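# Remarks on the overall topology
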Amino acid sequence: MANKKKTLSPKQNLIKGIIKENPTFVLVLGMCPTLGTTTSLANGLGMGLSVLFVLIITNAAISLIRKIVPPEIRIPVYITVIALVVTLIEWTVEALSPSLYSSLGIYLPLIVVNCIILGRAEAYASDNTVKDSIFDGMGMGLGFTLGLSTLGFFRELLGTGGVELLGFTLFDRSIAASFFVDAPGAFLMLGLIIGVINTIRVKKEREKKAIMDAKIAVALAKKAAKQKALEEQKEKEALESDPPVQKKPELKEAI
Amino acid sequence: MKDLIVLAFSAFLVQNIILSQFLGICSFLGVSNKRSSAIGMGLAVFFVITLSGGVTWLVYYKLLVPFEITFMRTIIFILVVAAMVQIIEMVIKKILPPLYESLGVYLPLITTNCAVLGVSLLNIQNDFSLVEAIVFSAATSIGYTAVIVTFSYIREQIYKAPIPEGFKGVPAGLVAASIMAMIFKGFIGVI
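Residues numbered from 1 in each chain as written. Chains lettered and ligands numbered in written order. Predicted model: local features only at pLDDT ≥ 70, side-chain atom pairs only at ≥ 80, totals over all residues.

## Quick notes on the overall build of chain A
The helix and strand tally for chain A stands at 9 helices and 2 strands. The linear arrangement of helices and strands in chain A, starting from the amino end, is α-α-α-α-α-α-α-β-β-α-α. Radius of gyration (C-alpha) of chain A: 26 Å, far over the 18 Å computed for a compact globule of 255 residues. Along the three orthogonal principal directions, the C-alpha set of chain A runs to about 90 × 60 × 25 Å. When each of the 255 residues of chain A is scored for burial, the buried share is 39%. (Helix = DSSP H or I, 4+ residues; strand = E, 2+ residues; numbered from the N terminus. Rg over C-alpha atoms; globule rule 2.2 N^0.38 Å. Buried ≥ 20, exposed ≤ 12 C-beta atoms within 10 Å, placed from the backbone.)

Here's what the structure looks like:
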């Protein structure tokens, strides 16, 4: 089944999840924990890593059972598998870091209904090999971790004046905008980050398009010039002509 | 009685589920494009949250606690929610076909709406009694509906505004949501 589709190497699969299909900034999935747990870099990172582990395990498990599960009841089966894994991760976090467990609070069991996990199970793991699914889950999870860490970093920096996890203080807490640690700041910060990323992407696409347009224009001009040259050559064989040269500056201008 | 009113008011406005608890953001951003779908989703969520809030409370205290399997709550709750959605879908289809026509599409989506599971878990976390749990669930879901419907009106206006290319869609919506969250923060002073 995998042969029909364009298969990606494990490395490509990883990078796809981190950059091109970043779940936080590009796909805009799993917004509840993204906004709810990123009051500090440490919390964002903790949440991201929990999701990373859940994604790898569920993707592997669902990929393993994909041939046994009848398609009609696949969603309930997936949800049960995910709930099981999330419960295990919940215990692990509680045992390893009780402070993280209490600061993540209700968002930890809510990983069950995180759209990224069910989305990857349904869209990828349900018809790909175990190995590919693990790498896909790893890429998506790392992308999510990156998104949450970025958001947590900026919110903590602007909201408290420093980042505790990295152990540096930029400015005093008393002049920091605690707005960014509160709920409204979460929405604003995420909106701004996605907006800036989109603006860069739009600009890049426009540049790419301009380069493509210029290339097409040059190719067309060359073709026209060739034809013209051919016709001229027919009429007067002695005449020298190389029109393509005069079209070259157009390319540079467009770039 | 007075406590219940305060609880309901706080769940509805001060601790609004979308704007201060960050639950149900996916549907908040996804469905609020059109006013009609926002109203449909809001109503469907109201039914599901209120009913499943009560049922999960009963399941937890009458089934999980006596058998000492409270650690299974995440799995059991998500199954209860999925079952509730199915039952509500069937009941509405049988009793009120016109309502089913307008809500039908949104019902299956609700199983993975974190607001539903979130309210069930909050009921347990806050040690509510059954009555408190039902009041809390109902008030919370009314808060959800109010915000999602108001926001759909705002988003329709955002479409007409001249916004930079990169900020169109989700980023502009998030910035608008930030302003709305600030307004809702003002309600803290009321209680």
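Now that the structure has been shown, we can carry on.
## Section: unusual backbone geometry
A negative phi angle is the norm for most residues apart from glycine, just as the trans form is the norm for most peptide bonds. Positive phi outside glycine occurs at Val-28 of chain A, with the angle close to 50°. According to the C-beta neighbour criterion, Val-28 of chain A is buried, with 23 such atoms within 10 Å. Of note, Glu-68 of chain B is a non-glycine position whose phi angle comes to about 55°, a positive value. Note on placement: Glu-68 of chain B falls in the loop between helix H3 (35–64) and helix H4 (73–95). Glu-68 of chain B sits in the exposed class, given 7 other C-beta atoms within 10 Å.

## Some remarks on the nonpolar core
Within soluble globular proteins, side chains that are nonpolar generally end up buried alongside one another. Core analysis: the biggest nonpolar cluster contains 100 residues, and Cys-32 and Ile-82 of chain A together with Val-48 and Leu-117 of chain B have the highest contact counts within it. In this view, Leu-117 of chain B contacts Leu-110, Val-112 and Val-113 of chain A together with Phe-77, Ile-78 and Val-81 of chain B; residues no more than four positions away in its chain are not counted. One finds Ala-11, Phe-12, Phe-136 and Ala-139 of chain B within the second-largest nonpolar core, a separate group that totals 11 residues. (Core = buried A, V, L, I, M, F, W, Y, C linked by C-beta atoms within 7 Å. Contact = placed C-beta atoms within 7 Å.)

## Examining the packing of H3 of chain B against helix H7 (residues 114–125) of chain B
All names here are of chain B. One can describe the packing of H3 onto H7 by two numbers: an axis separation of 9 Å at closest approach and a directional angle of 40°. For the pair H3 and H7, the crossing hand works out as right-handed. Within the contact between the two elements, H3 uses Val-45, Val-48, Ile-49, Ser-52, Gly-53, Thr-56, Trp-57 and Tyr-60 and H7 uses Ala-115, Val-116, Val-119, Ser-120, Asn-123 and Ile-124. By residue class, the composition of the contact of H3 with H7 is 9 nonpolar, 5 polar and no charged. (Axes fitted to C-alpha atoms, helices over the stretch in contact; angles between N-to-C directions. Left-handed = near helix turned anticlockwise from the far one by under 90°. Nonpolar A, V, L, I, M, F, W, Y, C, P; charged D, E, K, R; others polar.)

## Here's the deal with the environment of Gly-53 of chain B
All names here are of chain B. Here Gly-53 is to be found in helix H3. A residue is classified by how many C-beta atoms lie within 10 Å of it, and Gly-53, with 26 of them, is buried. Spatially, the C-alpha atom of Gly-53 lies 15 Å from that of Gly-143, the residues being 90 residues apart in sequence. Setting aside its immediate chain neighbours within four residues, Gly-53 contacts Val-119, Ser-120, Asn-123, Ala-133, Ile-134 and Ser-137.

## Observations concerning the interface of chain B and chain A
Taken together, the contacts link 33 residues of chain B with 31 residues of chain A. The dominant element in the side of chain B that touches chain A, judged by the number of residues it contributes, is helix H9 (residues 170–185) of chain B, at 9 residues. Of the residues contributing to the side of chain B that touches chain A, the split by class is 23 nonpolar, 8 polar and 2 charged.

## A short note on helix H4 (residues 74–96) of chain A
In an α-helix, one turn spans 3.6 residues; hence positions three or four apart end up facing the same way. In this model, H4 of chain A (23 residues) spans 33 Å end to end at C-alpha, consistent with the 33 Å of a helix rising 1.5 Å per residue. By the burial criterion, the buried members of H4 of chain A are Tyr-78, Ile-79, Val-81, Ile-82, Ala-83, Val-85, Val-86, Ile-89 and Glu-90 of chain A. Elements that come into contact with the buried residues of H4 of chain A comprise helix H3 (41–65) and helix H6 (115–123) of chain A together with H4 of chain B. (Expected span 1.5 Å × (residues − 1).)

## With respect to the packing of H7 of chain B against helix H8 (residues 130–160) of chain B
Residues and elements named next belong to chain B. Viewed as axis vectors pointing N to C, H7 and H8 meet at an angle of 150°, and their least axial separation amounts to 10 Å. The angle between H7 and H8 places the two elements in the roughly antiparallel class. Crossing angle aside, the handedness with which H7 passes H8 is right-handed. Facing H7, whose interface residues are Ala-115, Val-119 and Asn-123, H8 presents Ala-133, Phe-136, Ser-137, Thr-140 and Tyr-144. Considering only residue class, the contact of H7 with H8 consists of 5 nonpolar, 3 polar and no charged. (Parallel < 35°, antiparallel > 145°, perpendicular 65-115°, else oblique.)

## Some words on the environment of Val-65 of chain B
Residue and element names in this part refer to chain B. Inspection of the secondary structure puts Val-65 in the loop between H3 and H4. Classification of Val-65 as partly exposed rests on a count of 13 C-beta atoms within 10 Å. When neighbours within four sequence positions are excluded, Val-65 is seen to be in contact with Tyr-60 and Thr-70.

## Quick word on the confidence of the model for chain A
Residue and element names in this part refer to chain A. In the predicted model, chain A carries a mean pLDDT of 83, and the fraction of residues at 70 or more is 90%. Looking across chain A, the model is least confident in helix H9 (residues 244–254), with a mean pLDDT of 52, and most confident in H3, with 91. Segment residues 1–5: pLDDT under 50, and 4 contacts once partners within four positions in sequence are set aside and those in other chains are kept. (pLDDT = per-residue confidence, 0-100.)

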